[in-house]
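# Remarks on the overall topology
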Amino acid sequence: MNDPANLEFTPEAMRTMGHAVVDRAVAHIDALGEAPSNGDFDGIEALCEALREPEPLDGSPLDALLDPLFEQWIPRSFGTPGPGYLAYIPGGGIYPAALADFIADTCNRYTGIWQAAPALVQLEANALDWMREWMQMPASTRGVFTTGGSMAMFNAIAAAREQRLGTDIRAGVLYVSSQSHHSITKAARLAGIAHDRVRTIAVDAQFRMRVDALEAAIAADRAAGLKPFMVFSTAGTTNTGAVDPIDAVADLCAREGLWHHVDGAYGAFFHMVPELRPLLAGLPRADSLTLDPHKGLFLPYGTGALLVRDGEALRALHASEAGYLPSNQNTFYDPAQYGPDLSRGFPGLRVWLTMKLLGTDRYRAALSEKRGLAIWAAGEVGKIPGIVMDAPPQLSLFAFHLEHPTLPTLDAQNAATRALMERVTARGRVMVTGAQVGERFLGRVCVLSFRTRRAQMEACVEDIAAVAAELLAS
């Protein structure tokens with residue numbers, strides 16, 4: 001009997017569909033080592049125009065959808081999960097997280113409040129507690145999973161604003177460095193802090209925030225009758241990988257009574273490796289901390305987190321009661337009381353299942369390896385004729401530019417450095433990108449994919465050397 005309102009699939013159909021998707025996904029992963037690190041974008045505008053379509057009134061067979069998805073559309077994108085992806089800040093997309101998402105989506109349990117799925121919410125609380133312990137933050141710390149660093153920043157600014165400014169928002173001033181991530185300013189606007197109340201602080205020769213300039217800016221704003229309330233320092237900038245003097249900033253914030261947020265989206269997870277903790281000295285003193293598990297924990301995109309030292313400050317921002325919801329009268333973690341989302345997925349399962357399957361010691365080994373690979377590669381790239389190393393790796397990212405008598409002007413050097421990045425990427429073995437820092441364009445290499453090993457870094461060095469020689473000879 002035809003029943004168009006029946007949206008259920010038979011068990012056999014579900015198994016067949018599941019096997020079809022898993023087979024495609026595994027084949028895709030298996031081929032990553034041989035796939036170009038950057039997809040083919042020729043004619044992409046025409047393709048996207050051709051993809052515009054009306055609503056599908058009738059269903060299609062799954063294979064007819066998977067064929068173009070895996071064979072045509074997915075390949076025409078950045079090769080983000082591949083071992084040669086050294087661009088931007090890599091995110092790995094480790095396989096156990098896909099299993100976690102499959103479980104979360106098929107079981108579809110509601111995890112916004114503790115009472116709806118107590119054991120599952122506890123698993124998420126465990127994952128947040130592990131992060132707190134890796135960062136050596138106190139037991140008073142509470143946190144929430146977010147979709148990424150931008151939403152973590154937004155929640156941190158809103159919590160600091162509520163605690164330090166109350167209703168006097170317009171007088172509040174927030175401080176970032178010239179190398180801070182652009183998402184902070186956007187998050188500040190969303191949290192009610194206008195652009196003219198965000199101060200940009202100069203950096204030193206190593207691209208780190210200058211504490212003396214920060215102190216002077218705070219003093220000037222106080223003298224003008226404003227209310228400095230929050231400072232952002234960075235544990236690994238996107239442009240050059242610079243780590244701000246977090247300890248010194250924390251000292252200043254303590255003296256001035258300012259909320260100190262550390263943007264650890266890229267670099268904070270190196271703190272889970274005990275021998276690397278000196279590189280991030282002062283990080284455990286943060287009032288709040290951005291973490292991106294989709295970077296340093298190699299998880300799929302859309303996995304961010306925020307930790308707040310005074311968990312009650314985060315709870316005060318988000319806690320609410322509704323007549324139709326049960327009241328949480330116990331001490332268990334309740335996600336909706338620490339974040340803006342009532343309807344939400346189950347992001348913590350990605351972290352919990354992956355950590356339980358692999359164990360954290362393997363993660364520490366992988367993170368140590370990535371930093372070691374970056375240090376080795378930076379040493380080799382620094383030997384290439386014409387390369388000037390602007391930012392040796394403090395963590396696992398380094399930045400450089402081309403400089404040579406055949407490139408007599410800054411514009412010529414910038415153009416050559418940009419061409420270097422483009423031509424290395426065009427070779428297909430690795431994908432690299434650059435960044436505009438002040439008036440200079442820098443090439444950069446970031447090692448943070450769990451699939452990136454010594455072979456890919458050797459290929460990266462070889463291709464940079466070959467292309468640099470071509471550019472300087474032309």
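To start, this report covers the structure provided alongside it. Because the structure is predicted, anything quoted here is derived from the model rather than measured.

Next up on the list: the overall build of the protein. Scanning the protein for helices and strands turns up 15 helices and eleven strands. Overall size of the protein, expressed as C-alpha extent along the three principal axes, is 80 × 55 × 45 Å. Taken over 474 residues, the protein has a buried fraction of 49%. Taking the intrachain contacts of the protein between residues at least 6 apart in sequence as the baseline, contacts between residues at least 24 apart amount to 75%. Accessible area of the protein: about 21,700 Å², with a carbon and sulfur share of 56%. Of note, the protein has its 41 positive side-chain charges centred 6 Å away from the centre of its 53 negative side-chain charges.

Applying the stated rule across the entire model yields 28 salt bridges. Notably, a salt bridge pairs E124 with R344, separated by 2.5 Å at the nearest N-O pair. Taken together, the residues span a long stretch of sequence, with E124 in helix α5 (residues 118-134) and R344 in the loop between α11 (311-318) and α12 (348-358) at a distance of 220 residues. Classification of E124 by relative accessible area gives buried; the value is 1%. Across the pair E133 and R132 runs a salt bridge, and its minimum N-O distance is 3.8 Å. By relative accessible area, E133 is classed as partly exposed at 46%. For R132, a relative accessible area of 14% puts it in the buried group. In the salt-bridge network here, residues are joined through shared partners; they are R427, R429, E462, D463 and E470.

This brings us to the pairing of strand β3 (residues 198-201). Bridging between strand β2 (residues 172-177) and β3 involves four bridges; their strand directions are parallel. In the strand pairing of β3, S177 is matched with I201. Each parallel crossover has a hand, and for β2 linked through helix α7 (residues 183-190) to β3 it is right-handed.

A word on helix α4 (residues 95-107). Its 13 residues give α4 an end-to-end C-alpha distance of 19 Å, which sits within 8% of 18 Å, the value for a rise of 1.5 Å per residue. Looking at the packing, one finds that the buried side of α4 touches α12. With its phi angle positive at about 50 degrees, N108 sits one or two positions after the end of α4.

Take the sheet that holds strand β8 (residues 387-391) next. Strands sit in the order β8-β9-β11-β10 across an open sheet of four strands; the sheet is antiparallel. Two strands in the sheet have a free side with no partner beyond their single neighbour: β8 and β10 (433-437). In this sheet, adjacent strand axes meet at a mean angle of 40 degrees when their direction is disregarded. Two elements, strand β9 (residues 397-402) and strand β11 (residues 440-446), share four bridges in a ladder whose sense is antiparallel. Residue pairing for β11: L397 is matched across the bridge by C446. Sitting on the sheet, helix α13 (residues 360-381) is in contact with β8 and β9, with an inclination near 10 degrees to β9. With respect to the sheet, helix α15 (residues 454-473) is in contact with β8, β9 and β11, its orientation differing from that of β9 by roughly 15 degrees.

This paragraph deals with empty space enclosed by the protein. Within the structure shown, the criterion is met by one cavity of 30 Å³ or more. Of the pockets and cavities examined, the largest cavity occupies roughly 30 Å³. Taken together, V144, F145, P335, G339, P340, D341 and R344 make up the lining of the largest cavity. Here the residues of the lining of the largest cavity sort into four nonpolar, one polar and two charged.

Conventions used here
Residue positions are given per chain, counted from 1 along the sequence in the order it is written. Reporting in this predicted model follows two pLDDT cut-offs: at least 70 for local features of residues, and 80 or more for side-chain atom pairs to be given and counted; totals over whole chains, interfaces and linings ignore these cut-offs and use all residues. Each side-chain value is derived from all of the structure's non-hydrogen atoms; neither hydrogens nor water enter the calculation. Numbering of helices and strands runs from the N terminus, with a helix taken as a DSSP run of H or I at least four residues long and a strand as a DSSP run of E at least two residues long. Burial status follows relative accessibility: with a 1.4 Å probe on protein chains alone, a residue under 20% of its type maximum counts as buried, one over 50% as exposed, and anything between as partly exposed. Here, two residues are considered to be in contact whenever any of their heavy atoms come within 4.5 Å of each other. In this description, accessible areas are obtained by the Shrake-Rupley approach with a 1.4 Å probe, and a residue is regarded as covered only by the protein chains that are shown. Positive charges come from Lys and Arg, negative ones from Asp and Glu, while His and the chain ends are left out of the count. Lysine's charge is taken at NZ, arginine's at CZ, aspartate's at CG and glutamate's at CD. Salt bridge, as used here, is a side-chain nitrogen of Lys or Arg placed within 4 Å of a carboxyl oxygen of Asp or Glu. Strands are treated as partners if at least two bridges between them are detected by DSSP. Throughout, right-handed denotes a crossover for which the path from the first strand over the helix to the second runs clockwise when the strands point away from the viewer. Helix span, as expected, comes to 1.5 Å for every residue beyond the first. To obtain an axis, a line is fitted to C-alpha atoms, over the contacting stretch when the element is a helix, and the angle between two such axes runs from 0 to 180 degrees between their N-to-C directions. With a 1 Å grid spanning the protein atoms alone, the term cavity applies to any set of points in which a 1.4 Å probe fits but cannot get out, the term pocket to an open set with protein on both sides within 12 Å along at least five of seven lines, and the term lining residue to any residue with an atom within 4 Å of a point. Grid points are joined across faces, edges and corners, and a volume is the space filled by probe spheres set on the points. Three classes are used, and their members are as follows: Ala, Val, Leu, Ile, Met, Phe, Trp, Tyr, Cys and Pro are nonpolar, Asp, Glu, Lys and Arg are charged, and the others, Gly among them, are polar.

So far we have only geometry, and geometry alone does not tell us how the molecule works.
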